[in-house]
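Read off the chains here:
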Amino acid sequence: MTRIIQGFRAQGTAYLFLLPCLVILGALLSVPLYKVVEYSLYDNVIVERNPTFVGLQNYRDLLTDGAYWSASLNTILFTIGSVVGHIIVGTGLALLVNSDINRHAQTLFRSLLILPWIFTAVVVALNWQLLLNPFGVVNYALGQLGLIDEPLDWLGDPALAMWSLLVISTWRGYPFIMVSFLSGLQSIPQELYEAAEIDGAGFFAKFWHVTIPQLKPVIYGVALLDLIWTFQLFPLVWLTTGGGPGRATEVLSTMTFRFAFVDFEFSKAATAAVSILVISAAFTILYLRNETRKI
Amino acid sequence: MTNAQNTHTTVNEERQRLFRRVMVYVALTVVTLIMAFPIIWMVSVSLKPTVETFSLPPRLLPNSLYLDGYTRIFENPQFRRFLLNSYLLGIVVTILSLAIGTLAAFGFSRYRFFGDKAAKLFVITTQMVPSITLLIPFFGVIVWLRLYDTIWGLVLTYLTFALPYAVIMMNGYLDTIPRDFDEAATIDGCSPLGVLFRVLLPVAAPGLISTAVYTFLLSWNEFLFALALTRSVEMRTVPVGISMMVGEFGLKWDEMMAFSVIGSLPVLVLFMLVQRFVVSGLSAGGIKG
């Protein structure tokens, strides 16, 4: 009996600890999420005092807009390209840093390789605009190596802009994967590698049969998280190319921002924002299903 | 005969191992130089007059010592204001997130109660909600609350990503502290709050500090909300300030890069100071944006 009462009291205390956090997060999320759906059902919200209810008209307009579909395609390209880039570079560097070298050297290289992640997106964008400028260092270096005949406008040429953006996004985002995989790699029991070596496994066999299976839970969760965040990424794209040239790198987030703060069409923006939310929610459910096994 | 052969193979293996290690060092040095080059180049351009920015062949060091970019930034009160705003915003957001987040993390880490899993899932899920989706209604709500173009509007919106991050990180750190600590303190007559503040937090101090640094970093680097929810020059943060320079000054690369360096230094220094504590805990929360 006393145990039950104590149990209730402990539960009450727990709720008190959580209350401020849950109330703030609840309010900061439920109000905007309710509002954004409401906005998407009205016309001329925010700019007009009495917007008119239009039902699903905004969705019909958006889904029949060619620009929306080309932005969706760009978003898919950008997201998949970035995540694949992050994983390839991040895994390679995690393996390299995790090699059997001096611990201090390991820490030094890891700290330096994390750097791209620390800078704000504006600085990243400016740095790369400098490097990729037609008169910049990248063109000079590629020219000296004989890889290109004349300087290319990496960010200004519609055929190249998305590829350049992917390089920048890969540079910016690989440290997250690298760091996550490094801690995953360090938790793999050394005995597994020793056992594999006794069985005569070489470098690639060990990688394929020990490292990958052991890292699998980490890879899946981290890749999904990266996917969710890259999918909605705004600052890097907006600041590097602004969605241009033309609409060559326009993604859903930059399009939404343009609707709202360039055209002042908040209803259109809300509709696009809801569409981003729905797709994010789908990936989030996948991520949570993976996470709940750990809780 | 067999003995001699054995020694031979060991020497060979030893040599191979040494060779492999040297190759790893070479590869790491080359890759690190490539990855760090954009940052090295930023510093280089900040130390050169703008006319030399694109001079060919590119030179890493200026012809003569040149610090005009930096002195002009420091003499301009506008840039000092951007820095001040970012510091103020970062400090307020960090204190609020850590205070509220640590309490919640303690609840999650030390209690089992009805709905605990659902509450934790909710906190994790908040990190996944796209900022751009929140921004549109936030704009309407913040204007309605008369918080548009104030630091408080930004504090409120920054909590949407800083608070869940602080909860998840602190929860992870508190989970690593054995329950025996709490039980011993409880027997000695400590209240739950006493357990948290007198027993757990001193042990979790590295975790608390690194969570604080990352929360500050998230706030310092945020761009979207800061851009859309402020209007006047006096309210701009460092990232928005730098982005405004591009339009305003056109091509003053020395100044832009000098301000980029100055604006990156606070988080860079903080990050380097704590990074040995965090790298493992980092992946748990991740960084949005």
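Cut-offs used in this document
- Residues numbered from 1 in each chain as written.
- Chains lettered and ligands numbered in written order.
- Predicted model: local features only at pLDDT ≥ 70, side-chain atom pairs only at ≥ 80, totals over all residues.
- Heavy atoms only, no water.
- UniProt positions renumbered as here; feature names shortened; annotations may be inferred.
- Helix = DSSP H or I, 4+ residues; strand = E, 2+ residues; numbered from the N terminus.
- Rg over C-alpha atoms; globule rule 2.2 N^0.38 Å.
- Buried < 20%, exposed > 50% of the residue type's maximum accessible area, 1.4 Å probe, protein only.
- Contact = heavy atoms within 4.5 Å.
- Areas by Shrake-Rupley, 256 points an atom, 1.4 Å probe, with all protein chains shown as cover.
- Lys, Arg positive; Asp, Glu negative; His and termini not counted.
- Charge placed at Lys NZ, Arg CZ, Asp CG, Glu CD.
- Core = buried A, V, L, I, M, F, W, Y, C linked by side-chain atoms within 4.5 Å.
- Domains from an automatic or database assignment.
- Polar contact = N/O pair within 3.5 Å; in protein donor to acceptor, adjacent residues only side chain to side chain.
- pLDDT = per-residue confidence, 0-100.
- Expected span 1.5 Å × (residues − 1).

An unreviewed UniProt entry lists chain B under the name Carbohydrate ABC transporter membrane protein 2 (CUT1 family), from Primorskyibacter sedentarius. Database annotation for chain B, UniProt heading Subcellular location (unreviewed entry): "Cell membrane".

Under the annotation held in an unreviewed UniProt entry, chain A carries the name Carbohydrate ABC transporter membrane protein 1 (CUT1 family) and is attributed to Primorskyibacter sedentarius. In its Subcellular location (unreviewed entry) section, the UniProt record describing chain A reads: "Cell membrane".

A. The arrangement of the overall build of chain A in detail. For chain A, the helix and strand inventory stands at 12 helices and two strands. Start at the N end of chain A and walk to the C end: the helices and strands fall as α-β-β-α-α-α-α-α-α-α-α-α-α-α. Against the 2.2 N^0.38 benchmark of 19 Å for 295 residues, chain A shows a C-alpha radius of gyration of 24 Å, more extended than a compact globule. With the principal axes as the frame, chain A shows a C-alpha extent of 85 × 75 × 30 Å. The buried share among the 295 residues of chain A stands at 52%. When contacts within chain A are restricted to residue pairs at least 6 apart in sequence, long-range pairs at least 24 apart make up 64% of them. Total accessible area computed for chain A in this model is approximately 14000 Å², and 65% of it derives from carbon and sulfur atoms. Computed over 16 positive and 19 negative side-chain charges, the inter-centroid distance for chain A is 14 Å.

B. Just the nonpolar core, in detail. Counting residues in each nonpolar core, the largest one holds 176 residues, and the members touching the most others are A:F257, A:F261, B:L135, B:I136, B:F225 and B:F259. With 15 residues, helix α6 (residues 151-175) of chain B is the single largest residue contributor to this core. Counting the residues that make up this core, at least three belong to each of domain 1 (2-46) and domain 2 (69-285) of chain B. The contact partners of B:I136, leaving out residues within four places of it in the chain, are A:Y39, A:I46, A:T256, A:A260, A:F261, A:F266, A:A269, A:A270 and A:A273.

C. Inspection of the side chain of A:T91 at higher detail. All names here are of chain A. Mapped onto the fold, T91 is located in helix α3 (residues 66-97). Here T91 falls in the buried class, since its relative accessible area comes to 15%. Separated by 2.4 Å, the side chain of T91 and the backbone oxygen of I87 make a polar contact. If we ignore the near neighbours within four places in the chain, the residues touching T91 are H86, I177, F181 and F207.

D. Examining the UniProt feature "domain: ABC transmembrane type-1" (unreviewed entry) in chain A more closely. Per the UniProt record, the feature "domain: ABC transmembrane type-1" (unreviewed entry) sits at residues 72-287 of chain A. From the first C-alpha to the last, residues 72-287 of chain A spans 22 Å; its make-up is 75% helix and 0% strand.

E. Representation of the UniProt feature "transmembrane region" (unreviewed entry) in chain A. All names here are of chain A. Per the UniProt record, "transmembrane region" (unreviewed entry) is found at residues 12-34, 76-96, 108-130, 160-182, 218-238 and 269-288. Counting secondary structure, residues 12-34 comes out at 100% helix and 0% strand; the distance between its end C-alpha atoms is 30 Å. Spanning residues 218-238, this segment combines 86% helix with 0% strand, and its end C-alpha atoms are found 30 Å apart.

F. The confidence of the model for chain B, seen in detail. Put simply, chain B has an average pLDDT of 85, and 91% of its residues get 70 or more. Note on residues 280-289 of chain B: pLDDT is under 50 here. Beyond four places in sequence and across chains, it has 35 contacts.

G. Quick look at helix α3 (residues 77-110) of chain B. Taking 1.5 Å per residue as the helical rise, α3(B) with its 34 residues ought to reach 50 Å, and the 49 Å between its terminal C-alpha atoms agrees with that figure. Measuring from the side-chain oxygen of the N-cap residue of α3(B) to the backbone nitrogen of B:Q78 gives 2.9 Å; that N-cap residue is B:N76.

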